[in-house]
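Here is what each chain is made of, one letter per residue.
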Amino acid sequence: MQHWSWIWAVVESALQAQAQNLMHWTAFGFGLGIAAYFGVSREPGPVVFLAASLSAGLCVGLAIRFRTGIARVLIVIAALAGGFAWSQFRAHAVSGPVLSERFYGAVQGRVVGIDRSLSEKPRLTLDHLVLGSLPQRVTPNRLRVALHGRAQEYMPQIGDTVLLAAHLSPPPGPAEPYGYDFQRQAWFAQLGAVGYTRSPVMIWRAAPVDQGGLIVQKWRQKIGAHMAAQMPARTAGVAVAITVGDRMYLDREVQHTLRAANLSHLLAISGLHMGLLTSLVFFLTRAFLSCLPYLILNWPIKKIAALMSIGVGAGYLMLSGASVATERAYIMAFTIFAAVLLERRAITLHALAIAAILVLLLRPEALLGPGFQMSFAATGLLIIVFNAMSQWTWAARWPSGTRYLMGSVVSAVVAGLATAPIAAAHFNILPHYGVLANVVAVPIMGFVVMPSAIVAAALAPFGGEALGFWGMTLGLGAILDVASHVADLPHSVSHIKAPPPKILGLLAASALFGILWQGRLRYLAVIPACAALICWVMSPRPDVLISGDGRLVGVMVQGTRVLNVAKGSGFVARSWLENDGNPISQQSAYGAMPSWLEIVDKGSHPMRPCQAALVVVQDWRSGPVCDGFDLEALATAGGVAGRFDSSGRLQWITVRQAIGHRLWNSAELRDAKGHDPAGLKVR
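Residues numbered from 1 in each chain as written. Predicted model: local features only at pLDDT ≥ 70, side-chain atom pairs only at ≥ 80, totals over all residues. Heavy atoms only, no water.

Caption draft 1: Structural view of the packing of aromatic side chains. Here the structure, examined in full by the defined rule, presents 14 aromatic pairs. Measuring from ring centre to ring centre gives 5.5 Å for F513 and W517, while their planes differ by 20°; the resulting arrangement is stacked. A relative accessible area of 23% places F513 in the partly exposed class. The rings of Y37, F38, F84, F188 and W664 are connected pair by pair, giving a single aromatic cluster. Just above the ring of Y37 sits the side chain of R662; from NZ or CZ to the centre is 4.7 Å. (Phe/Tyr/Trp six-rings, centres within 6.5 Å; stacked < 30°, edge-to-face > 60°. Buried < 20%, exposed > 50% of the residue type's maximum accessible area, 1.4 Å probe, protein only. Lys NZ or Arg CZ within 6 Å of the ring centre and 35° of its normal.)

Caption draft 2: How the structure looks around the packing of helix 2 (residues 22-39) against helix 13 (residues 349-362). Between helix 2 and helix 13, the shortest axis-to-axis distance is 8 Å and the interhelical angle comes to 25°. One finds that helix 2 runs roughly parallel with respect to helix 13. Crossing handedness for the pair helix 2 and helix 13: left-handed. Contacts from M23, H24, T26, A27, F30, G31 and I34 of helix 2 reach helix 13 at L349, H350, A353, I354, I357, L360 and L361. For the contact of helix 2 with helix 13, the per-class residue count stands at 10 nonpolar, 4 polar and no charged. (Axes fitted to C-alpha atoms, helices over the stretch in contact; angles between N-to-C directions. Helix = DSSP H or I, 4+ residues; strand = E, 2+ residues; numbered from the N terminus. Parallel < 35°, antiparallel > 145°, perpendicular 65-115°, else oblique. Left-handed = near helix turned anticlockwise from the far one by under 90°. Contact = heavy atoms within 4.5 Å. Nonpolar A, V, L, I, M, F, W, Y, C, P; charged D, E, K, R; others polar.)

Caption draft 3: Seen up close, the confidence of the model for the protein. Summarising the model, the protein shows a mean pLDDT of 82, and 85% of its residues fall at 70 or more. When mean pLDDT is compared element by element in the protein, strand 3 (residues 142-147) scores highest at 94, while strand 13 (residues 614-617) scores lowest at 48. Below a pLDDT of 50 lies the segment residues 617-625, which in the model reaches 23 contacts outside its immediate sequence neighbourhood of four places, other chains included. (pLDDT = per-residue confidence, 0-100.)

Caption draft 4: The arrangement of the side chain of S169 in detail. Counting through the fold element by element, S169 comes out in strand 4 (residues 161-169). The residues contacting S169, other than those within four sequence positions of it, are L99, R102, A193 and V194.

Caption draft 5: Here's a closer look at the layout of surface pockets. Its boundaries defined by the atoms lining it, the second largest pocket holds a volume of some 590 Å³. Residue lining of the second largest pocket: 20 residues in total, with T243, L319, A453, A456 and A457 positioned closest to the centre. Every element with two or more residues in the lining of the second largest pocket is listed here: helix 6 (215-230), helix 7 (233-244), helix 9 (271-290), helix 11 (301-319), helix 16 (434-459) and helix 17 (465-487). Its residues assigned to classes, the lining of the second largest pocket comprises 17 nonpolar, 2 polar and 1 charged. (1 Å grid on protein atoms, 1.4 Å probe; cavity = no way out; pocket = protein on both sides within 12 Å on 5 of 7 lines; lining within 4 Å. Points joined across faces, edges and corners; volume = space filled by probe spheres on them.)

Caption draft 6: Region of interest: a nonpolar patch on the surface. Together, M23, W86, F89, I354, L358 and L361 give the surface a local cluster of nonpolar side chains, amounting to about 470 Å² of exposed area. Of all elements in the fold, only helix 4 (69-93) and helix 13 reach the threshold of two or more residues within the nonpolar patch. Sort the elements by how many residues they give to the nonpolar patch and helix 13 lands first, with 3 residues. Take F89: it is sitting in helix 4. Residue class for F89 comes out partly exposed when judged on its relative accessible area of 43%. (Patch = residues over 30% accessible without salt bridge, like charges linked within 9 Å, V, L, I, M, F, W, Y side chains within 5 Å. Areas by Shrake-Rupley, 256 points an atom, 1.4 Å probe, with all protein chains shown as cover. Salt bridge = Lys/Arg side-chain N within 4 Å of Asp/Glu carboxyl O.)

Caption draft 7: Main features of the nonpolar core. Among the nonpolar cores identified, the biggest contains 45 residues, and V238, L263, M445, M472, L476 and I479 are the most heavily contacted of them. Every element with two or more residues in this core is listed here: helix 7, helix 8 (252-260), helix 9, helix 11, helix 12 (324-341), helix 16 and helix 17. If you tally residues by element for this core, the top one is helix 17, at 8 residues. Discounting residues that sit within four places of it in the chain, M472 has contacts with M227, M231, A239, I242, T243, V449, S452, A453 and G477. Grouped together as the second largest cluster of nonpolar side chains are 28 residues, A351, L360, F372 and F376 included. (Core = buried A, V, L, I, M, F, W, Y, C linked by side-chain atoms within 4.5 Å.)

Caption draft 8: Representation of the environment of S309 within the structure. Following the sequence through the fold, S309 ends up in helix 11. Taking C-alpha positions, S309 is 7.3 Å from S279, a pair spaced 30 residues apart along the chain. Apart from residues lying up to four places away in sequence, S309 is in contact with T278, V281, F282 and F337.

Caption draft 9: Here's a closer look at the pattern of salt bridges. Per the counting criterion, the structure on display carries 8 salt bridges. A salt bridge links R541 to E176, with the shortest nitrogen-to-oxygen separation between them at 2.9 Å. Note that R541 is positioned in the loop between helix 19 (526-538) and strand 9 (544-547) and E176 in the loop between strand 4 and helix 5 (182-188), a separation of 365 residues in sequence. The class for E176 is buried, based on a relative accessible area of 5%. D580 serves as the salt-bridge partner of R541, at 2.6 Å between the closest nitrogen and oxygen. Of this pair, R541 sits in the loop between helix 19 and strand 9 while D580 sits in the loop between helix 20 (570-579) and helix 21 (586-591), and the two are 39 residues apart along the sequence. Neither R541 nor D580 differs from the other in exposure class; each is buried.

Dropping the structure here:
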């Protein structure tokens, strides 16, 4: 009995030590619950939702009742159950019709968004839809259509109701098992169809003067078009992107260059931009008010400056389109300036935890996106490092210029280390000289570009915005020069293969446990983190990949994937090659086909030993190895990946098996007869 008492006393003491980090653990539990919801293979039913909600309430009640060390555990469990239930509620709250099959015909809709596709084509997002004779109950709430050919001759405005003839299809699933799931993103964006048109877009009804809910989008479009017309093309795209969050004018080469120099974060309106803007407004407002002695003596000018920063930040949030990254940045800035108003310490991990919870309450699906992950990883590690550096009394005696330089270098190194595994997992790229680029570019952004943007905004009502645009052009031109020089350095980037499923989540959970846990037990987090990294490095890529339509086949040959076609299915081919960590062109992957390997279809070689709809033939020197597939089931499965086992046979897994049965893919998991096939038919 005494033995158990001693163990309980140790556990109670360890739990009590976590009291100061309760808010951090609550955010951790809430995020873990969200991850659990998105990680299950089958959509939970209402019983699960009710059980999770009741469990959260019960744990909160027990925590209030006991108020001991175990109460901390109960609160974290409540947050976990609450995160699961809230994600399920959010997924059902945004539900809407999804196109069940391909559609071609007349489309009528209101333009609510204009951007640019991956193929550099203008793209419209439409709502208030009418699709030919399709019943309204099965008509999607929104769709996105790219403009090709003659469709680009006339660009509608935000709020216009347009008519066009479009080819539409349901949002596509992952390009391979465990790949990027666009269907899930489209579900939460309420996009029920995607497609393209080559016919001219006709204006059915021009946008009314009273735009209603689209007034902000209209302002954003006008501001972006004005900036693009007044600034050089090289810098205009970046200027529009960081001002109103519109990448319509951004050149793809510029994006690649910034990414290779680890400066692509400058394009996202996130913590850097929001922090620079609100900080400048805070210090300028405080400096101006300090010039008036009466105000210094009678008014709380520091709090007035904080309120001004909160207001300007809110305006910037609306003007930029309120993306997930910008919402996170504003909530963090609001938390910081609210702490100033309450005379509390502003920049802390508690503020970051509050911001994380609020962002996830607004959009729990943001947890899976690189914007959320990179923003919070970088901000959290920066807070930890600079809090530790604040204890260095000897550094306080350094000249201010030296301290600034050291701070810039440390910021670049820390942010780079925090975001490197996330960027590698999502973008398959690891810049080598990102620290060098950031040390030079970030100060230019802070001291030249953002102040110039404020000047442009302040002078725009009087027609003097050209002065601000001139400063932005100088600063952004210098940043692009830095990015070009860094990207052109030898071996500037490494290409990384995609990690196996759950590896990034295990790394994140291990790192958070090691940071948050108070006590020696934190060092155990090294074990799962190292195991995850080893698994990432050692895990092989699929030996064979086949697209859902059966047109594209990729076979791994001596570390390089070769493709059966030089053109067509370009997005899938690019995804495969990038996930391999070898982003060569599709033409090069086709040209690398060795003479002993053939990838053929049934119609091309009717005398081949495999008489299926699709045939993969490997190494004719030792005899063919082939598998055939029923193409109808292959389309239902969404594509397959195969690995050779120890006996030399291919073991297959389908996209459908990898993603499971979820709300966002349920429509395409049924064949034409309404059945739900048990799996891919292989014959």
